[in-house]
Amino acid sequence: MMGLTNEHLAKWLEKTNAKIQENKTFLTNLDQAIGDGDHGINMSRGFDEAVKKISSTEYKTSSDLLKDWAMTLLSKVGGASGPLYGTALLKFSMSMKDKEEVDYSSLTAGIEEGLNGLIQRGQAQEGHKTMVDVWSPVVTFLKEQPAFNPEGFKEIAKEAMEKTKDMKAIKGRAAYLKERSIGHLDPGSVSSYYLFSSLAEVIEEEGVGL
Ligand SMILES: [Mg+2]
């Protein structure tokens, strides 16, 4: 089977949601340490709603599925995470327009478009202790590899997420804490790690040829 089908994309969403529900308290605790404590609640509500929407709708194209995922997050999630994830997924969806399947180059381009959306919307760069610190190395890795490498991909995302612990926040609410933001993982980077590790697991488990 070549490329990610709509069924695979739905499984990606479900798997990400399962990790978010399982780690809801952990995400809340992380955001309580350096933010306003709403990341666990917002992500769990938004991804639950997205699963409900996508599992009850038939999609002709992957672009349409990704768009609904994005729009659900944009409309149902408050705080910073809904607009950020929503924007990233909407950019991904737009890059998939008129494409028959999500092959390796379109997956790479889609995630890169998502990263560009995050940078634009959040006005953040690498090293600011935000989701960009996971998305950016993930995009670089995808562009360097000739084909999808699930183990390497997961490892890159995990290392990138862990690196945010020692960073001083420059963007987001955590930036008010200055040096005191050091020593805490960035909550958005942790949820981004759930998103990307879930993608790698679906590709591996379903034997997707990418
Ligand atoms: Mg928050």
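Computed from a predicted model, the values in this text were never measured in an experiment.

Novice: I'd like to hear about helix α3 (residues 39–55), residue by residue, with values.
Specialist: Between its first and last C-alpha, α3 extends 24 Å over 17 residues, near the 24 Å set by a 1.5 Å rise per residue. Buried within α3 we find H39, G40, N42, M43, S44, G46, F47, A50, V51 and I54. Contact partners of the buried residues in α3: α1 (6–22), α2 (24–34), α4 (62–76), α5 (81–95) and α9 (187–205).

Novice: Describe the environment of G3, listing the residues and the values that go with them.
Specialist: One can find G3 in the segment before α1. We classify G3 as buried; its relative accessible area is 1%. As for G3 and G127, which are separated by 124 residues in sequence, their C-alpha atoms are 32 Å apart.

Novice: Can you tell me about the packing of aromatic side chains, naming the residues and giving the values?
Specialist: Under the defined criterion, the tally for this structure stands at 9 aromatic pairs. Aromatic side chains W12 and W69 sit 5.2 Å apart centroid to centroid with 80 degrees between the ring planes, which places their arrangement in the edge-to-face category. Residue W12 is found in helix α1, and its partner W69 is found in helix α4; the two are separated by 57 residues along the sequence. Across the pair, W69 and W12 agree in class, each one buried.

Novice: Give a description of the packing of helix α7 (residues 132–144) against helix α8 (residues 150–163) that names residues and reports values.
Specialist: Direction vectors running N to C along α7 and α8 enclose 150 degrees, while the axes themselves pass 8 Å from each other. Taken together, the axes of α7 and α8 are roughly antiparallel relative to one another. Viewed along their axes, α7 and α8 form a crossing whose handedness is right-handed. Side by side, α7 and α8 meet where D133, V134, P137, V138, F141 and L142 of the first sit next to G152, F153, I156, A157, A160 and M161 of the second. Across the contact of α7 with α8, the residue classes break down as 10 nonpolar, 1 polar and 1 charged.

Novice: With reference to specific residues and values, describe the pattern of salt bridges.
Specialist: In the structure shown here, the tally under the stated rule is 12 salt bridges. Of the charged contacts, one joins D36 and R173 as a salt bridge, the two residues approaching to 3.6 Å between their closest N and O atoms. Of the two residues, D36 sits in the loop between α2 and α3 while R173 sits in the loop between α8 and α9, which places them 137 residues apart along the sequence. Note that K53 is salt-bridged to D68, the shortest N-O span being 3.9 Å. Here K53, found in helix α3, pairs with D68, found in helix α4; they are 15 residues apart in sequence, far enough to count as distant.

Novice: Which residues make up the nonpolar core, and what values go with them?
Specialist: Ranked by size, the top nonpolar core spans 58 residues in total, and within it W69, L107, I111 and W135 carry the most contacts. Among the elements that take part in this core, α9 stands out by supplying 9 residues, more than any other. With residues near it in sequence (within four places) discarded, W69 still touches L9, W12, L13, F47, A50, I54, L89 and L195.

Novice: Break down a negative patch on the surface for me, citing the residues and quoting the values.
Specialist: Together, E151, E155, E159 and E204 give the surface a local cluster of negative charge. It is α8 that contributes the most residues to the negative patch, 3 residues altogether.

Novice: Explain unusual backbone geometry residue by residue, including any values.
Specialist: At Q123, a position not held by glycine, the phi torsion is positive, near 50 degrees. Within the secondary structure, Q123 is located in the loop between α6 (104–122) and α7. Among the residues examined, Q123 registers a relative accessible area of 54% and is labelled exposed. Positioned with a positive phi, K178 is a non-glycine residue whose angle comes to about 45 degrees. On the accessibility criterion, K178 (53% relative accessible area) is exposed.

Parameters at a glance
- Residues numbered from 1 in each chain as written.
- Predicted model: local features only at pLDDT ≥ 70, side-chain atom pairs only at ≥ 80, totals over all residues.
- Heavy atoms only, no water.
- Helix = DSSP H or I, 4+ residues; strand = E, 2+ residues; numbered from the N terminus.
- Expected span 1.5 Å × (residues − 1).
- Buried < 20%, exposed > 50% of the residue type's maximum accessible area, 1.4 Å probe, protein only.
- Contact = heavy atoms within 4.5 Å.
- Phe/Tyr/Trp six-rings, centres within 6.5 Å; stacked < 30°, edge-to-face > 60°.
- Axes fitted to C-alpha atoms, helices over the stretch in contact; angles between N-to-C directions.
- Parallel < 35°, antiparallel > 145°, perpendicular 65-115°, else oblique.
- Left-handed = near helix turned anticlockwise from the far one by under 90°.
- Nonpolar A, V, L, I, M, F, W, Y, C, P; charged D, E, K, R; others polar.
- Salt bridge = Lys/Arg side-chain N within 4 Å of Asp/Glu carboxyl O.
- Core = buried A, V, L, I, M, F, W, Y, C linked by side-chain atoms within 4.5 Å.
- Patch = residues over 30% accessible without salt bridge, like charges linked within 9 Å, V, L, I, M, F, W, Y side chains within 5 Å.
- Areas by Shrake-Rupley, 256 points an atom, 1.4 Å probe, with all protein chains shown as cover.
- Lys, Arg positive; Asp, Glu negative; His and termini not counted.
- Charge placed at Lys NZ, Arg CZ, Asp CG, Glu CD.

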